[in-house]
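Chain residues, written in single-letter form:
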Amino acid sequence: MIRTRVGYAGGTLENPTYHRLGDHTETLQIDYDPERISYEKLLELFWSEHDPTSRAWSTQYKAVVFYHNDNQKRLAEEYRDRLAAKLKGRVHTEVIAFSRFYPAEAYHQKYYLRQNRRLLQELQRYYPQDAELMNSTAAARVNGYLGRFGTIEDLKAGIDRLGLSEDAKQELLDR
């Protein structure tokens, strides 16, 4: 992953916030390198991480794949339809055209990283502004590893590029 950000999408209200969401859905934006991970693999991860048969009880929390082009739409719908056939039931996850993404407030960004004050402070040396931290590849990767996403092999291979002290590297490896 290059970058992940949480925010709001799919609605019509300009500049939504957590307390003034309008008709938007809370969502995750992923910037990725298609040379390293395919859109199909991202779809596979997405569909495996939630219950697509569960109905959303509000627009704010509904499960959605936002597509950016016809190919992404086709792939997302094909995956959804194969899953529905396999489950022999209705899939409630929606596939919707992307229109605009609004980043959520800073305190919503990098959830796992914000739970680890030491590692957060390490990264804030390089990214002192909230927007810089939110847009940081290193912060996205540390956040993901803290959330137990990714393999230990990947962490070991990339840990020297995260800008962490030796003590912080060891703390991340020990998690």
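Up top is the structure.
Basis of the calculations
Residues numbered from 1 in each chain as written. Predicted model: local features only at pLDDT ≥ 70, side-chain atom pairs only at ≥ 80, totals over all residues. Heavy atoms only, no water. Helix = DSSP H or I, 4+ residues; strand = E, 2+ residues; numbered from the N terminus. Expected span 1.5 Å × (residues − 1). Contact = heavy atoms within 4.5 Å. Polar contact = N/O pair within 3.5 Å; in protein donor to acceptor, adjacent residues only side chain to side chain. Salt bridge = Lys/Arg side-chain N within 4 Å of Asp/Glu carboxyl O. Patch = residues over 30% accessible without salt bridge, like charges linked within 9 Å, V, L, I, M, F, W, Y side chains within 5 Å. Areas by Shrake-Rupley, 256 points an atom, 1.4 Å probe, with all protein chains shown as cover. Buried < 20%, exposed > 50% of the residue type's maximum accessible area, 1.4 Å probe, protein only. Pairing = 2+ DSSP bridges. Axes fitted to C-alpha atoms, helices over the stretch in contact; angles between N-to-C directions.

**Q** Where do I start with helix H2 (residues 70-87) in this structure?
**A** Here H2 is 18 residues long and its end C-alpha atoms lie 25 Å apart, about the 26 Å a rise of 1.5 Å per residue gives. Along its buried surface, H2 packs onto helix H1 (39-48), strand E3 (64-67) and strand E4 (94-97). Its side-chain oxygen at 3.1 Å from the backbone nitrogen of Asn-71, Asn-69 defines the N-terminal cap of H2. With its phi angle positive at about 55°, Lys-88 sits one or two positions after the end of H2.

**Q** It is not clear to me how the pattern of salt bridges should be interpreted in this structure. Could you clarify?
**A** Pairs may arise between side chains of opposite charge once their charged atoms sit close together. Inspection of the entire model under this criterion finds 12 salt bridges. Taking the shortest distance from any N to any O, the salt bridge between Asp-31 and Arg-3 comes out at 2.7 Å. Here Asp-31 is found in strand E2 (residues 25-31), whereas its partner Arg-3 is found in strand E1 (residues 3-9), with 28 residues between them in sequence. Among the ionic contacts, a cluster of salt bridges with common partners joins Arg-118, Asp-167 and Glu-171.

**Q** Even after reading the chapter, I still don't get a nonpolar patch on the surface, so can you show me in this structure?
**A** Taken together, the side chains of Tyr-18, Trp-57, Tyr-61 and Tyr-107 define a hydrophobic patch exposed on the protein surface, amounting to about 520 Å² of accessible area. With respect to the helices and strands, the residue Trp-57 is situated in the loop between H1 and E3. Taking the relative accessible area as the measure of exposure, Trp-57 reaches 71% and is therefore exposed.

**Q** I keep staring at unusual backbone geometry and nothing clicks. Help me out?
**A** A negative phi holds for most residues other than glycine; trans holds for most peptide bonds. Unusually for a residue other than glycine, Lys-110 sits at a positive phi of about 55°. By the secondary structure assignment, Lys-110 is in the loop between strand E5 (101-103) and helix H3 (111-114). Given the relative accessible area of 5%, Lys-110 is considered buried. We note that Arg-148 has phi near 70°; this positive angle belongs to a residue other than glycine. Summarising the element assignment, Arg-148 is placed in the loop between helix H6 (137-146) and helix H7 (152-158). Among the residues examined, Arg-148 registers a relative accessible area of 58% and is labelled exposed.

**Q** I would appreciate a short explanation of the sheet that holds E5 in the present structure.
**A** Paired through their backbone hydrogen bonds, the strands of a sheet run either parallel or antiparallel. In spatial order, the strands read E2-E1-E5; together these three strands make up an open sheet with antiparallel pairing. The two strands at the open ends of the sheet, each matched to only one other strand, are E2 and E5. Going across the sheet, the axis of each strand differs from the next one's by a mean of 50°, ignoring polarity. Here seven bridges tie E1 to E2, and the two strands are oriented antiparallel to one another. Residue pairing for E2: Gly-7 is matched across the bridge by Thr-27.

**Q** Explanation requested: the side chain of Thr-93 in the structure shown.
**A** Looking at where Thr-93 falls in the secondary structure, it is placed in the loop between H2 and E4. Thr-93 sits in the buried class, given a relative accessible area of 4%. Within the structure, the side chain of Thr-93 is placed 2.7 Å from the side chain of His-50, a separation counted as a polar contact.

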